[in-house]
Amino acid sequence: MKQKGTGIFLTVVGIVAVLIALAASLAQAEVTDREKAASEVAASFLNELGAAMKREMTKGGPTEAIKVCADLAPEIAGRLSREHGWRVTRVGTRVRSPLLGMPDAWEQTALAEFAERAAKGETFTGMVHSEVVTEPGGRYYRFMKPIVVQPHCLLCHGPVAQIPPMVQEVLRQRYPFDAAVGYAAGDLRGAVSIKQPMGNASE
Ligand code: HEC
């Protein structure tokens, strides 16, 4: 009798374990789907921005290209946010304006992790950081993809001495607290950050 009881108990434990594993793998599959979707949106954001930057730089020169980083980037981010029902933004390791592009605590940790991974030899290409977080307002899937400094970014984000005086003048007027200079090609410039609502915390 005692043995039978143990048998039933073990069967129940087994079923519960299988259910837990199933739920975990379903949750994992959902997160993987989210990561794939977020990666695609982040990549298309960066491609669109990169193409516009090159186009404006050749057509209108550096002072016109400022508009790409200052106006077009938030415009595309806003459009993608509305299209997908997520929050799509761009954050910097250092920023031009303390009010814009400033990473929150979670984003700062992710940026520090990117830098650490790169210091250990990993390349930024293909690097992502994603996590499900619970906040007072609900559960969110959060995702970040590094933005790397390319040689043509240095015109506005490189060492101040190398920034053309005309550009320096515009930057000085628009961004009195500019900290987004002094970068070198290959440096971590920031990240595309995506936040997707996953329903209420109580669900
Ligand atoms: C012609 C000048 C110019 C060039 C070239 C340029 N940027 Fe910017 N960038 C700016 C300006 C101006 C801002 C501030 C935008 C704002 O008003 O928030 C900015 C902001 C950013 C930000 C947001 C964080 C912050 O510093 O405020 C990132 C990330 C960024 N740039 C990445 C890049 C990358 C990567 C490249 C090269 C592919 C690049 N930029 C090339 C002018 C430039």
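Residues numbered from 1 in each chain as written. Predicted model: local features only at pLDDT ≥ 70, side-chain atom pairs only at ≥ 80, totals over all residues.

Asker: Summarise the overall build of the protein chain; cite the residues concerned and give the values.
Answerer: The helix and strand tally for the protein chain stands at five helices and four strands. Starting at the N terminus and ending at the C terminus, the protein chain contains elements arranged as α-α-β-α-β-β-α-α-β. Its C-alpha atoms give the protein chain a radius of gyration of 22 Å, more than 25% over the compact-globule value 17 Å for 203 residues. Projecting the C-alpha coordinates of the protein chain onto the three principal axes gives extents of approximately 90 × 35 × 30 Å. (Helix = DSSP H or I, 4+ residues; strand = E, 2+ residues; numbered from the N terminus. Rg over C-alpha atoms; globule rule 2.2 N^0.38 Å.)

Asker: Give a detailed account of the sheet that holds strand β4 (residues 188-197), specifying residues and quantitative values.
Answerer: In spatial order, the strands read β1-β4-β3-β2; together these four strands make up an open sheet with antiparallel pairing. Among the strands making up the open sheet, the edge pair consists of β1 (87-92) and β2 (129-135). Strand-to-strand twist of the sheet, defined as the mean angle between neighbouring strand axes without regard to direction, takes the value 25 degrees. Summarising the sheet, β1 and β4 pair through six bridges and their orientation is antiparallel. Opposite Val91, over in β4, you have Ala191 as the bridge partner. Here helix α3 (residues 105-119) sits on the sheet and contacts β1, β2, β3 (138-148) and β4; the angle it forms with β4, its principal contact strand, is near 135 degrees. (Pairing = 2+ DSSP bridges. Axes fitted to C-alpha atoms, helices over the stretch in contact; angles between N-to-C directions. Contact = placed C-beta atoms within 7 Å.)

Asker: Tell me about the site of the ligand, and name the residues and values.
Answerer: Near the ligand you find 25 residues, and of these Cys69, Gly92, Gly101, Cys153 and Cys156 are the closest. Elements that contribute at least two residues to the shell around the ligand include exactly α1 (2-59), α2 (62-84), β1, α4 (154-157) and β4. Broken down by class, the residue content of the shell around the ligand amounts to 14 nonpolar, eight polar and three charged. (Near = placed C-beta within 6 Å. Nonpolar A, V, L, I, M, F, W, Y, C, P; charged D, E, K, R; others polar.)

Asker: Quick one: what's the story with α2, residue by residue and with numbers?
Answerer: The terminal C-alpha atoms of α2, which comprises 23 residues, lie 32 Å apart, in line with the 33 Å expected from a rise of 1.5 Å per residue. Largest kink in α2: about 40 degrees, centred on Leu72, with the proline Pro74 one to four residues after it. Among all positions in α2, only Ala65, Val68, Cys69, Ala73 and Leu80 are buried. (Expected span 1.5 Å × (residues − 1). Bend = angle between axes of the 7 residues up to and from the residue. Buried ≥ 20, exposed ≤ 12 C-beta atoms within 10 Å, placed from the backbone.)

Asker: So what's going on with the environment of Ile20? Residues and values would help.
Answerer: With respect to the helices, strands and loops of the structure, Ile20 is situated in helix α1. For Ile20, a count of 10 C-beta atoms within 10 Å gives the class exposed. Remark: the alpha-carbon pair of Ile20 and Gly126, spanning 106 residues in sequence, is separated by 31 Å.

Asker: Explain the nonpolar core to me, and be specific about the residues and the numbers.
Answerer: Ala191, Val192 and Ile194 are the most contacted members of the largest nonpolar core, which has 20 residues in total. Listed by contribution, the elements that provide at least two residues to this core are α1, β1, α3, β3 and β4. For this core, the leading source of residues is β3, giving six residues. Excluding anything up to four places from it in sequence, Val192 contacts Ala42, Phe45, Leu46, Arg90, Met144, Lys145 and Ile147. By size, the runner-up hydrophobic cluster in this structure holds five residues, among which are Met53, Val68, Cys69 and Ala73. (Core = buried A, V, L, I, M, F, W, Y, C linked by C-beta atoms within 7 Å.)

Asker: Please give an account of the environment of Lys36 that cites residues and values.
Answerer: Examined against the element boundaries, Lys36 turns out to sit in helix α1. Between the C-alpha atom of Lys36 and that of Ala110, which follows or precedes it by 74 residues, the distance is 18 Å.

Asker: Pulling in residues and values, what's your account of the environment of Phe177?
Answerer: By secondary structure assignment, the location of Phe177 is in the loop between α5 (165-174) and β4. Once the C-alpha coordinates of Phe177 and Arg96 are considered, the two residues, 81 residues apart in sequence, prove to be 6.5 Å apart. Apart from the residues lying within four places of it in its own chain, the contact partners of Phe177 are Ser97 and Pro98.

Asker: Quick one: what's the story with the packing of α2 against α5, residue by residue and with numbers?
Answerer: Interhelical geometry of α2 versus α5 gives an angle of 40 degrees and a closest axis separation of 9 Å. Classified by the angle between their axes, α2 and α5 sit oblique to one another. Crossing handedness for the pair α2 and α5: right-handed. For the pair α2 and α5, contact is made by Pro62, Thr63 and Ile66 and by Met166, Val167 and Val170, respectively. Residue composition of the contact of α2 with α5, grouped by class: five nonpolar, one polar and no charged. (Parallel < 35°, antiparallel > 145°, perpendicular 65-115°, else oblique. Left-handed = near helix turned anticlockwise from the far one by under 90°.)

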